[in-house]
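A structural walkthrough
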Amino acid sequence: MPQSFTRNNMKTRNSVLVFLKGTTAPLVLYVDNPITVYEELSGILKKNPTIPMLIEKTTLGPIKKVCINSSELAAVALQEEQYM
């Protein structure tokens, strides 16, 4: 196996997947602290607020800023992925 494809060169990173109502594909958010963002968003889902609030996040990936209405959140996931 070539050197560039060995396990030693593989790195892992975490991202937050945000599923919105009425969409099939999630938003993939790369942030500094994905566990904190996951816990914040899942906490909003658990509370099920009667008054919608605006959630704004600055991210590190191709999406630089995102703004989500809390009433549109359907699910949140924490994903670990490998990359070189």
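Residues numbered from 1 in each chain as written. Predicted model: local features only at pLDDT ≥ 70, side-chain atom pairs only at ≥ 80, totals over all residues. Heavy atoms only, no water.

A few points about the sheet that holds strand S1 (residues 11-20)
- The three strands lie next to each other as S2-S1-S5, forming an open sheet whose pairing is antiparallel. Edge positions in the sheet fall to strand S2 (27-29) and strand S5 (73-83), since each has one partner strand and no second. The average undirected angle you get between the axes of adjacent strands in this sheet is 30°.
- Docked against the sheet, helix H1 (residues 34-47) engages S1 and S5, running at close to 160° with respect to S5. (Pairing = 2+ DSSP bridges. Helix = DSSP H or I, 4+ residues; strand = E, 2+ residues; numbered from the N terminus. Axes fitted to C-alpha atoms, helices over the stretch in contact; angles between N-to-C directions. Contact = heavy atoms within 4.5 Å.)

Section: the pairing of strand S3 (residues 54-58)
- Residues Ile55 and Lys57 line the buried face of S3, whereas the alternating positions Leu54, Glu56 and Thr58 sit on a face that is not buried.
- The pairing of S3 with strand S4 (residues 65-69) spans five bridges and is classified as antiparallel. Bridge pairing in S4 links threonine 58 to lysine 65.
- From the end of S3 to the start of S4, which pair antiparallel, there are six residues. (Buried < 20%, exposed > 50% of the residue type's maximum accessible area, 1.4 Å probe, protein only.)

Thoughts on the pattern of salt bridges
- What the rule picks out here adds up to three salt bridges.
- With a closest N to O distance of 2.9 Å, glutamate 81 and arginine 13 form a salt bridge. A residue pair is termed long-range when its members are at least 10 positions apart, and glutamate 81 in strand S5 and arginine 13 in strand S1 qualify at 68 residues.
- Arginine 13 sits in the partly exposed class, given a relative accessible area of 34%.
- Lysine 57 is the partner of glutamate 40 in a salt bridge, and the nearest nitrogen-oxygen pair spans 2.5 Å. Residue glutamate 40 is located in helix H1, and its partner lysine 57 is located in strand S3; the two are separated by 17 residues in the primary sequence.
- Judged by its relative accessible area of 34%, glutamate 40 is partly exposed. (Salt bridge = Lys/Arg side-chain N within 4 Å of Asp/Glu carboxyl O.)

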